[in-house]
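Observations on the three-dimensional arrangement
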Amino acid sequence: MNKPIGYWTKRLDAALEAHLDSTLARLKLSRRQWQTLNVLAETTISPDDLDGILNPFWGGDTRRRENELAALVGRGMIIMVDDRLSLSELGHAKHTEAQKLVEESRRDLSMGIGIDEYAMAVSVLERMTLNAERLAGSAAAPPLSAAPPPPRRRGTPPQRP
């Protein structure tokens, strides 16, 4: 029997969460902490803007968000400069280490999935999400995917955002 998309998205999210938490645990990071480091590796940002970007991952759990951020601040990976969050030198180093693990995980997770299949799946999920948010009357969050991944050489695994 074919399961509906909701079944597969919830099952995938739970499996990704468990796999990436396990992978990132080698660096004493959670998936949420990794996502935070990844955002801050690109730019400095206000706490409110960080909340807006990561809200789909926090799911409204402000206590978890505060605990995860406090852990990164307490470990000296995030600093506040002029009311903006930024990575410290240690934060940049930890992000670089974590990036390598995450890229390896993404290659393993996408084994057997072509670049076009991946791009199509992301596109469909994005449109369904926006439709569901519209129908539910919720304020639409910014799209989680900006564009399909860039083309790749034959025989190399697809890059994931």
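Structure report, in brief. None of the values given here were measured: they were computed from a predicted structure. (Residues numbered from 1 in each chain as written. Predicted model: local features only at pLDDT ≥ 70, side-chain atom pairs only at ≥ 80, totals over all residues. Heavy atoms only, no water.)

**Things to note about the overall build of the protein chain**
Of the regular secondary structure elements, the protein chain holds six helices and two strands. Listing the helices and strands of the protein chain from first to last along the sequence gives α-α-α-α-β-β-α-α. With 161 residues in all, the protein chain has 30% of them scored as buried. Restricting to contacts in the protein chain with at least 6 residues of sequence separation, those with at least 24 account for 60%. (Helix = DSSP H or I, 4+ residues; strand = E, 2+ residues; numbered from the N terminus. Buried < 20%, exposed > 50% of the residue type's maximum accessible area, 1.4 Å probe, protein only. Contact = heavy atoms within 4.5 Å.)

**Observations concerning the packing of aromatic side chains**
Scanning the entire structure with this criterion turns up one aromatic pair. For the ring pair Y7 and W8, a centre distance of 4.9 Å and an interplane angle of 85° mean the geometry is edge-to-face. Sitting above the plane of the Y7 ring, K3 keeps its charged end 5.3 Å from the centroid. (Phe/Tyr/Trp six-rings, centres within 6.5 Å; stacked < 30°, edge-to-face > 60°. Lys NZ or Arg CZ within 6 Å of the ring centre and 35° of its normal.)

**What about the environment of R75?**
Within the secondary structure, R75 is located in the loop between α4 (62-74) and β1 (78-81). For the pair R75 and G91, spaced 16 residues apart in the sequence, the C-alpha separation amounts to 8.9 Å. With residues up to four places along the chain from it excluded, the contact list for R75 reads L27, K28, L29, Q33, L90 and K94.

**Considering helix α3 (residues 47-58)**
For an α-helix, 3.6 residues make a turn, and residues three or four places apart therefore share a direction. The end-to-end C-alpha distance of α3, which contains twelve residues, comes to just 14 Å, noticeably less than the 16 Å that a straight helix rising 1.5 Å per residue would cover. Check the buried side of α3 and you find it contacts α2 (31-42), α4 and β2 (84-87). (Expected span 1.5 Å × (residues − 1).)

**What about the pairing of β1?**
Across four bridges, the pairing between β1 and β2 is antiparallel. Bridge assignment links V81 to a residue of β2, and that residue is R84. Connecting the antiparallel pair β1 and β2 is a turn made up of two residues, with D82 showing a positive phi of about 50°. (Pairing = 2+ DSSP bridges.)

**A word on helix α5 (residues 89-109)**
Taking 1.5 Å of rise per residue, the 21 residues of α5 would be expected to cover 30 Å, and the 30 Å separating its terminal C-alpha atoms lies within 8% of that figure. Taken as a whole, α5 has its buried residues at G91, K94, H95, A98, Q99, L101, V102 and S105.

**Some thoughts on the pattern of salt bridges**
For the coordinates displayed, the defined rule picks out seven salt bridges. Its salt-bridge partner being E17, residue R32 comes within 2.8 Å of it at the nearest N-O pair. Placement of R32 in helix α2 and of E17 in helix α1 (residues 5-24) is noted, with a sequence separation of 15 residues between them. In this pair, the class of R32 matches that of E17, namely buried. For E68, the salt bridge identified is with R64, shortest N-O distance 3.7 Å. Highlighted residues: E68 and R64, both in helix α4, separated by four residues, approximately one helical turn. (Salt bridge = Lys/Arg side-chain N within 4 Å of Asp/Glu carboxyl O.)

**A word on unusual backbone geometry**
A positive phi angle, close to 60°, is found at K28, a residue other than glycine. Within the fold, K28 resides in the loop between α1 and α2. The class of K28 is exposed, set by a relative accessible area of 64%. We note that D83 has phi near 65°; this positive angle belongs to a residue other than glycine. Relative to the elements of secondary structure, D83 occurs in the loop between β1 and β2. Of the residues examined, D83 reaches a relative accessible area of 63% and is grouped as exposed.

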